[in-house]
Structure formats: C-alpha cells, structure tokens
Amino acid sequence: MTATMTHPPQPGAGRQFGLDWLRIGVFILLIFYHTGMFFNTEGWHAKSLNANDAMEPFMWLSSPWRLPLLFLVSGVAMRFLSDKLGSGKFALDRLWRLFPVIVFGMYVIVPPQSYSELRIDGIIEPGWWDFYRQYAGEWAGPWELHTPTWNHLWYVVYLFVYSLLLAPFVPVLRRLAESEPLRAAGRAASRGWVGIAALLCLPLLPFLVVRFTLTEHFPTTHALFDDWANHANSLAMVLIGYFMARNEGVWRSVDRALPVAGGLTAILMTYLFWAYTHIEVALGEPVLLWIARIGRIVFAWTIILTLLGAARRWLNQDGPVRRYLTAAVFPWYILHQTIIVATGFAIRDAGLGVWTEFAIITATTFGGCIIGFEVLRHIPVLRLVMGMKALAPAIAPAPDPDARSTLQKL
C-alpha cells in the first residue's frame, strides 16, 4: 500500500487511510463546533456576550452524524484490534489506554470548564483552590452542577464502556462477522441496485425505531446511566463498524453507492437547512415536521455513507501529515474544550467584537492543542493520560509497503 494508490484497499488486507482522514476531520470539526457553542444561543459552559443564532443551522446540520461517524470508525478499529489481541488482551488494552484518560480528564482537564461555568453563573466566588477542593473532594459537589464531570469526554467514557461490554463476546462476534450468511449478504450488497438500496435502507431501521421509542422518553444527557436512546444509537454504530470492517462486499457496496448517497445527502441537507431556517413554518405543518424528523435520521446515514465512499476514493493515501494528525488529533480532542471555555471566560467581558473573539479563541485553541501535544508526547506518564502509548513513538513511522497494518487508533 503506497501513497499513490488510487483504488480502495481490500478491507481485510491492511489499513484504510481514508478512515484515518475521516477520524481526523471529525475531531477537527468538533473543535470548530465547540468554538461555535461559545457564540450561539444554546446553553453551554461559557457564552459570549455577542451570542447570536447565525451559525446555528450549520451546527445543527453537523449534529446528526459527527459522533455516529466516530463510533462507526471506532467499531472498525475494535474489529482489527480485537482480532489481533483476542478477547482478554483487548479488554486490558482498552482499560490501559482509555481509563487513565477518563480519570485524568475528569480531575485535571475538565475542572477549568466547571470553574468557568460556575463563575459566569455567579454561583462561586473567585478562588481556584477553594473551588477545586470541593470539585475533587465531594461527589456531586455543593452546587447544582454535578462535579466531578467528564463533559466533552463522554465519547471516551462511552467507548470505554462499550469496549468492556463487548470484549467477552469477541469470539462470538468474530464468528458471526465471518459467517457465510454475512459474507453472502456482503457479496449481494456489492451487486446491482438492490444491494445499494439495502445498504441505504436496512441500517436505518434500528435508528428509526430508537427515534420514535427511546428518544421520546430518554433525551440525550451524556451522563451514562440515563442515556438509553444515545446508547442504542451509539452502540449500534459501533457494531455496524465492527461488522463492516472486514466485509469486502459491504465496502464495495459503499463505493458503488457513493453517487446515490451523495445525491440524497445534498437533497436532505437542503431541506433540513430550509427547515432549520424556517423553524416556525416547519413546526406549524405536521407533514413538514415529520419529513424533517425522518429526514434527519436518513441524512445522518446517507452523509456517513457519502463520507466513507469519498474517503475511500479520494483520501486513501498515506504521508507524514496523516501520520502526524492521526497521532495528534485525539490529544487535541482531549484538550480543546477546556481551552475554548477558559479562553472564552477570560475575554467575554473585554468588550471585543464577535469576530475578534472568534479569532482569539480559534487561534488560542489550535495553538494550545498543537503546543500541548508537542510537549505531552515527550513525557511518558502524560502520554498515557492523553491516550498515547507510553513507550511507543507518538507518531508512527512510514509503513513498510509490504507490512500488514491494522487500525489501532480509537
């Protein structure tokens, strides 16, 4: 596999660099999304005094698919890693790689977010150490805001829990994924319009069921224990990624479905943008509202298929930039929201214009993430709490063209 490859690789034969690029892109998009949260009108940990709704339709269009795509890519990674390690070692690897991130994140990375939020709300007085003693020393601290908390690191928590839940079933899942019925289904999906239609429609069924059952009773909280609709959707995406990972027929169907999925995505995106920007009209017409509700779910899946197909066709290339960003983007994800919130809190009362605030926060966040990664990757104990292997190179060397590599990132 070389940087000049123009055709998608066989999924079972080596690393799909396009999936790395998607993972990189989604994490970077999250940085911009959370920067936008400082400026929009929705509740968040810190808000600009210049908050407005200009960006909200664009942010809403990214909400249905960002994290589901990450969970799908994580499911692909789980398949390759669990095949390599086996059930027990896979569980130990996830414990060693993810649990330190969660603990360090809750007690070191996230506290400045809670401090900023409580200060803005006027709940606490200035004084970091008085706050931190209560934050770290009392479970469900003395304020209404639950502390300690994981905030944006909920994705890591959920991925950790899903990994441990699935680990005992790895042998069963692998046999099922390799079974002749699923292989035959993949081959059927790769041929004809019926296969494309099945790829577009069948995975939607569980998400439609969840939307009109669990979602009605369990709104998303990211609090783990009461987030059942979110769990159903996220775990389903992990399993879809797991079963797709080595099924060549399914990947060929993804390639063939790209024009159809892309066309549907464009149509649905246009309608949803109209609905978001004419929300009172959409809410006043039941037909329009139901089209938007169902269309949002369909859009989430078609844009994921579109991005998967596009990444395989145009982004399946290796190089030093990919290797650097593959290593850096997860530590960036861990650091970014705290930098955004702390910077926003520091400048919100300075009387700056919205674009000046945006420029400062964006530059500070990306600069802080880059510097943070460059510093932390040279300190073994801190590499561990940033999701990097403590004793291995943070940035992988160029692969041997003859070597068989596997997805081992989140």
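Residues numbered from 1 in each chain as written. Predicted model: local features only at pLDDT ≥ 70, side-chain atom pairs only at ≥ 80, totals over all residues. Heavy atoms only, no water.

1. Quick word on the overall build of the protein chain
Here is step 1: When helices and strands are tallied, the protein chain shows 19 helices and zero strands.
Here is step 2: In terms of overall size, the protein chain behaves like a compact globule, its C-alpha atoms giving a radius of gyration of 22 Å where 410 residues would be expected to give roughly 22 Å.
Here is step 3: Taken over the C-alpha atoms alone, the protein chain extends approximately 65 × 60 × 40 Å along its principal axes.
Here is step 4: Taking all 410 residues of the protein chain together, 50% fall into the buried category.
Here is step 5: Total accessible area on the protein chain stands at roughly 18,600 Å², and carbon and sulfur atoms take up 69% of it.
Here is step 6: Within the protein chain, the 27 negative side-chain charges are centred at a point lying 13 Å from the centre of the 32 positive side-chain charges. (Helix = DSSP H or I, 4+ residues; strand = E, 2+ residues; numbered from the N terminus. Rg over C-alpha atoms; globule rule 2.2 N^0.38 Å. Buried < 20%, exposed > 50% of the residue type's maximum accessible area, 1.4 Å probe, protein only. Areas by Shrake-Rupley, 256 points an atom, 1.4 Å probe, with all protein chains shown as cover. Lys, Arg positive; Asp, Glu negative; His and termini not counted. Charge placed at Lys NZ, Arg CZ, Asp CG, Glu CD.)

2. A few points about the nonpolar core
Considering soluble globular proteins, one finds that nonpolar side chains tend to be buried as a cluster.
Here is step 1: Counting 98 residues, the largest nonpolar core has Phe-71, Leu-72, Tyr-155, Val-156, Leu-308 and Tyr-333 as the members making the most contacts within it.
Here is step 2: Leaving out residues up to four positions away in the same chain, Leu-72 has contacts with Met-237, Ile-240, Gly-241, Met-244, Trp-301, Ile-304 and Leu-308.
Here is step 3: Counting eleven residues, the second-largest nonpolar core is a separate cluster that includes Tyr-33, Met-37, Trp-44 and Ile-347. (Core = buried A, V, L, I, M, F, W, Y, C linked by side-chain atoms within 4.5 Å. Contact = heavy atoms within 4.5 Å.)

3. Examining unusual backbone geometry
Here is step 1: With an omega dihedral of -10 degrees, the bond running from Thr-147 to Pro-148 counts as a cis peptide bond.
Here is step 2: Of note, Pro-148 is situated in the loop between α6 (128–137) and α7 (154–166).
Here is step 3: One non-glycine residue with positive phi stands out, namely Ala-140, at about 55 degrees.
Here is step 4: Mapped onto the elements, Ala-140 comes out in the loop between α6 and α7.
Here is step 5: Of the residues examined, Ala-140 reaches a relative accessible area of 39% and is grouped as partly exposed.
Here is step 6: Residue Leu-224 is not a glycine yet carries a positive backbone phi of 75 degrees.

4. With respect to helix α10 (residues 192–201)
An α-helical turn contains 3.6 residues, so any two residues separated by three or four positions project in the same direction.
Here is step 1: Taken together, the buried positions of α10 are occupied by Gly-195, Ile-196, Leu-199 and Leu-200. The buried residues of α10 all sit within an arc of 135 degrees when viewed along its axis, so they share a single face. Seen from the buried face of α10, the exposed residues on the opposite side, beyond 90 degrees, are Trp-193 and Val-194.
Here is step 2: Looking at the buried residues of α10, the elements they touch are α9 (180–189), α11 (204–211), α14 (248–277) and α16 (286–314). (Arc of directions from axis to C-beta.)

5. So, the confidence of the model for the protein chain
Here is step 1: Taken as a whole, the protein chain shows an average pLDDT of 92; of its residues, 93% reach a score of 70 or greater.
Here is step 2: The low-confidence segment residues 1–13 (pLDDT under 50) makes 30 contacts with residues lying over four places distant or belonging to another chain.
Here is step 3: Note on residues 402–410: pLDDT under 50 across the span, and 34 contacts to partners over four residues away in sequence or across chains. (pLDDT = per-residue confidence, 0-100.)

6. Quick look at helix α13 (residues 228–244)
Here is step 1: Compared with the 24 Å implied by 1.5 Å per residue over 17 residues, the 24 Å span of α13 between its first and last C-alpha is a close match.
Here is step 2: Listing the buried residues of α13 in full gives Ala-229, Asn-230, His-231, Ser-234, Ala-236, Met-237, Val-238, Ile-240, Gly-241, Tyr-242 and Met-244. (Expected span 1.5 Å × (residues − 1).)

7. So, the pattern of salt bridges
Here is step 1: One pass over the full model with this rule turns up 16 salt bridges.
Here is step 2: Asp-20 serves as the salt-bridge partner of Arg-322, at 2.7 Å between the closest nitrogen and oxygen. Of this pair, Arg-322 sits in helix α17 (residues 320–347) while Asp-20 sits in helix α1 (residues 17–39), placing them 302 residues apart in sequence.
Here is step 3: Under the relative-accessibility criterion, Arg-322 is labelled buried at 5%. (Salt bridge = Lys/Arg side-chain N within 4 Å of Asp/Glu carboxyl O.)

8. Examining the environment of Gly-186
Here is step 1: Assignment of secondary structure puts Gly-186 in helix α9.
Here is step 2: What makes Gly-186 buried here is its relative accessible area of 1%.
Here is step 3: Counting along the chain gives 208 residues from Gly-186 to Ala-394, while the straight-line C-alpha distance between them is 36 Å.
Here is step 4: Those residues in contact with Gly-186, other than ones at most four positions away along the chain, are Asn-247, Gly-249 and Val-250.

9. A short note on the environment of Val-110
Here is step 1: Mapped onto the secondary structure, Val-110 falls in the loop between α4 (87–109) and α5 (111–120).
Here is step 2: For Val-110 and Leu-200, which are 90 residues apart along the polypeptide, the C-alpha to C-alpha distance reads 39 Å.
Here is step 3: In this structure, Val-110 is in contact with Gly-105, Tyr-135, Thr-149, Trp-150, Asn-151, His-152, Leu-153 and Thr-338, ignoring residues within four places of it in sequence.

10. Structural notes on the packing of α4 against α7
Packed helix pairs are characterised by how far apart their axes lie and by the angle those axes make with each other.
Here is step 1: It is the contact of α4 with α7, at a shortest axis distance of 10 Å, that shows an interaxial angle of 160 degrees. On the basis of their axis angle, the class for α4 and α7 is roughly antiparallel. Considering the relative orientation of α4 and α7, their crossing is left-handed. Together, Phe-90, Ala-91, Arg-94, Leu-95, Leu-98, Phe-99, Val-101 and Ile-102 of α4 and Val-156, Val-157, Leu-159, Phe-160, Ser-163 and Leu-164 of α7 make up the contact between the two elements.
Here is step 2: Looking at the contact of α4 with α7 residue by residue, the classes come out as twelve nonpolar, one polar and one charged. (Axes fitted to C-alpha atoms, helices over the stretch in contact; angles between N-to-C directions. Parallel < 35°, antiparallel > 145°, perpendicular 65-115°, else oblique. Left-handed = near helix turned anticlockwise from the far one by under 90°. Nonpolar A, V, L, I, M, F, W, Y, C, P; charged D, E, K, R; others polar.)

11. Focus: the packing of aromatic side chains
Geometry of an aromatic ring pair is reported as the spacing of the ring centres plus the angle between the planes.
Here is step 1: Inspection of the entire model under this criterion finds 30 aromatic pairs.
Here is step 2: Ring plane angle 25 degrees and centroid distance 5.2 Å describe the contact between Phe-212 and Trp-290, whose orientation is recorded as stacked. Here the residue Phe-212 occupies a position in the loop between α11 and α12 (214–217), and Trp-290 occupies one in helix α16, the gap between them amounting to 78 residues.
Here is step 3: For Trp-290, a relative accessible area of 40% puts it in the partly exposed group. (Phe/Tyr/Trp six-rings, centres within 6.5 Å; stacked < 30°, edge-to-face > 60°.)

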